[in-house]
Amino acid sequence: MQSNLVIFPNAGAAKKSTQTEERTITKYDRAEEQFIELLAMEDLDHQLDVKPEIATEFEQALSRAIRAAYKNDRSDEQAHRFLQRILYRINRLKLFWYDDLQNYTNERSLYLCSCRDQIEAAWQKWELAQIDVAALQRLDVKQALIERTSADLDPVLSESSRYIREEMTESGYRHLLAIGSFDGLVEASHLSRILGGVANEVQCTLMRVLIEEYGNGRLSRKHSTFFAQMLAEFGMNTQPEAYLDLVPWEVLASTNHNFLVTERKRYFLRYGGGLTYFEVAGPAVYKNYMVAAQRLGLSEVAVGYWELHIREDERHGRWMLDDVALPLAERYPNDAWELVLGYDQQKLMSDRAGSAVVRSIREAKQSA
């Protein structure tokens, strides 16, 4: 098995077609660097009160990107990427990374909250416009959930799935792991943020899912440990966020959506529906990766995470439907349609992210 360190191209360094696009990307990159400096500034809100111009360039880029991504007929990919990266940098402060404590000095900054809210308001409106919400409100929710989960247990192979199974090279597999490590090395962190509150069967089921994701309290069995072992098998960087620059905006959007629906308890049903899709559909996705790995003749260590998930997510999917989604539909009959909204949104975002990952793998192969 190859053991040398794998170097991947920067996702933002692809050749651009026009001088205008190059200029836009440069401005977004510079604005993101400025934002990173703001994040690290001691007492950011006070600093901005004294000297508001230190954020001017960033704020201009933010407004321009929101218009380009969500308010034009043709969305700008670089604007999407910039906005989701900024949103992620704010959201990640809700997790503890075992790093310098000073990195959290602005975690409750009102300015950062306003930036987050500004992006989320435009982004979520854009996302919801892609779903027929009125139609969802007329559904028999329980029947809709049962039908959807049944179909997603064994879906028809998409073009992206066929590419992974039949064409993806070992280099492409490493590229897949690099992008996948963005979530795989901090898996279940979002779930942990929604478990507090009054004890009931739904909460206890979610806790069972979390406990298994965390290896029943043993680091050696935690799912992220298996992902790190896959990376190590190829001599890749096992630190969280090591390959952040490779992550497509579509993947970042799915992560940021999870931050949103776990932080806002009003969206609890949407989160329950989304997690139901994630756990039900996961095994079919991981089987694609397993088939690819078997075709490539990779070792057991190089696929251990997928094997674990196929076993456990089949069980988690049943738990989520029978012990979370359907009971919540009974408890909240007037709002139960939000479970289906959450399910359909997660499916839409997951499919979009999956296509973006395959596109990134193809582009990396072509550039190589």
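Given the structure is predicted, the values throughout are model-derived calculations rather than measurements. (Residues numbered from 1 in each chain as written. Predicted model: local features only at pLDDT ≥ 70, side-chain atom pairs only at ≥ 80, totals over all residues. Heavy atoms only, no water.)

## Comments concerning the overall build of the chain
Secondary structure summary: the chain contains 15 helices and zero strands in total. Computed over C-alpha atoms, the radius of gyration of the chain comes to 21 Å, within 12% of the 21 Å expected from 2.2 N^0.38 for 368 residues, which places it in the range of a compact globule. Counting only C-alpha atoms and orienting by the principal axes, one finds that the chain spans roughly 55 × 55 × 45 Å. Looking at the chain as a whole, 52% of its 368 residues are labelled buried. For the chain, the accessible area works out to roughly 18100 Å², and carbon and sulfur atoms hold 50% of it. With 44 positive and 55 negative side-chain charges, the chain shows a separation of 2 Å between the mean positions of the two kinds. (Helix = DSSP H or I, 4+ residues; strand = E, 2+ residues; numbered from the N terminus. Rg over C-alpha atoms; globule rule 2.2 N^0.38 Å. Buried < 20%, exposed > 50% of the residue type's maximum accessible area, 1.4 Å probe, protein only. Areas by Shrake-Rupley, 256 points an atom, 1.4 Å probe, with all protein chains shown as cover. Lys, Arg positive; Asp, Glu negative; His and termini not counted. Charge placed at Lys NZ, Arg CZ, Asp CG, Glu CD.)

## Comments concerning the side chain of glutamate 127
With respect to the helices and strands, the residue glutamate 127 is situated in helix α5 (residues 110-128). Given the relative accessible area of 1%, glutamate 127 is considered buried. With sequence-adjacent residues up to four places away left out, glutamate 127 is seen in contact with Gln345, Met349 and Arg352. (Contact = heavy atoms within 4.5 Å.)

## What about the side chain of glutamate 187?
With respect to the secondary-structure elements, glutamate 187 resides in the loop between α9 (170-184) and α10 (201-213). The side chain of glutamate 187 sits in the buried core without any salt bridge; lysine 222 is the nearest counter-charge, 6.4 Å away. Residues within four places of glutamate 187 in sequence aside, it is in contact with Glu213, Tyr214, Lys222, His223, Tyr305 and His309. (Salt bridge = Lys/Arg side-chain N within 4 Å of Asp/Glu carboxyl O.)

## What to know about the state of the cysteines
Two cysteines whose sulfur atoms are joined by a covalent bond form what is called a disulfide. Counted according to the given criterion, the structure contains zero disulfides. As a non-bridged cysteine, cysteine 113 has cysteine 115 as the owner of its nearest cysteine sulfur, 9.3 Å distant. Note on cysteine 113: relative accessible area 25%, which makes it partly exposed. (Disulfide = S-S within 2.5 Å.)

## Points about helix α11 (residues 223-233)
What α11 keeps buried is the set His223, Ser224, Thr225, Phe226, Phe227, Met230 and Leu231. Elements in contact with the buried residues of α11: α9, α10 and α14 (304-331). In the segment just after α11, glycine 235 is the residue with positive phi, at about 70°.

## A closer look at the packing of helix α8 (residues 159-166) against helix α13 (residues 268-296)
It is at 7 Å that the axes of α8 and α13 come closest, and there the two elements cross at 25°. Taken together, the axis directions place α8 and α13 in an arrangement best described as roughly parallel. Between α8 and α13, the contacting residues are Ser161, Ile164, Arg165 and Glu166 on the first element and Lys287, Asn288, Tyr289, Val291, Ala292 and Arg295 on the second. Among the residues making up the contact of α8 with α13, the classes are represented as four nonpolar, two polar and four charged. (Axes fitted to C-alpha atoms, helices over the stretch in contact; angles between N-to-C directions. Parallel < 35°, antiparallel > 145°, perpendicular 65-115°, else oblique. Nonpolar A, V, L, I, M, F, W, Y, C, P; charged D, E, K, R; others polar.)

## A few points about the domain arrangement of the chain
One can read the domain layout of the chain as domain 1 (28-129) and domain 2 (133-367). Each of domain 1 and domain 2 has a C-alpha centre, and these two points are 26 Å apart. Between domain 1 and domain 2, the contact holds 19 residues from the first and 24 residues from the second. Taken together, both faces of the contact between domain 1 and domain 2 bury some 2000 Å²; the carbon and sulfur share is 60%. Counting the contacts that link domain 1 with domain 2 gives three salt bridges. (Domains from an automatic or database assignment. Buried area = accessible area lost by both parts, 1.4 Å probe.)

## Section: the pattern of salt bridges
Pairing between side chains of opposite charge can happen when the charged atoms of each approach one another. Enumeration according to the criterion identifies 18 salt bridges in this entry. One salt bridge connects arginine 85 with aspartate 245, and the closest N-O pair in it is separated by 3.0 Å. Remark: aspartate 245 occurs in the loop between α11 and α12 (249-263) and arginine 85 occurs in helix α4 (residues 77-91); sequence separation between them is 160 residues. Exposure remark for aspartate 245: the relative accessible area of 32% places this residue in the partly exposed category. The closest approach of N and O atoms between glutamate 314 and lysine 287, which form a salt bridge, is 3.7 Å. With a gap of 27 residues between them, glutamate 314 in helix α14 and lysine 287 in helix α13 connect regions that are remote in the sequence. Look at glutamate 314 and you get partly exposed, because its relative accessible area is 34%.

## Description of the nonpolar core
Within the largest apolar cluster, 78 residues are counted, with the highest numbers of intra-cluster contacts made by Phe58, Phe82, Leu83, Tyr111, Tyr173, Leu177 and Trp306. No other element matches helix α3 (residues 56-70), which puts eight residues into this core. Both domains that meet at this core, namely domain 1 (28-129) and domain 2 (133-367), each give it at least three residues. Those residues in contact with leucine 177, other than ones at most four positions away along the chain, are Phe227, Met230, Leu231, Phe234, Met236 and Trp306. (Core = buried A, V, L, I, M, F, W, Y, C linked by side-chain atoms within 4.5 Å.)

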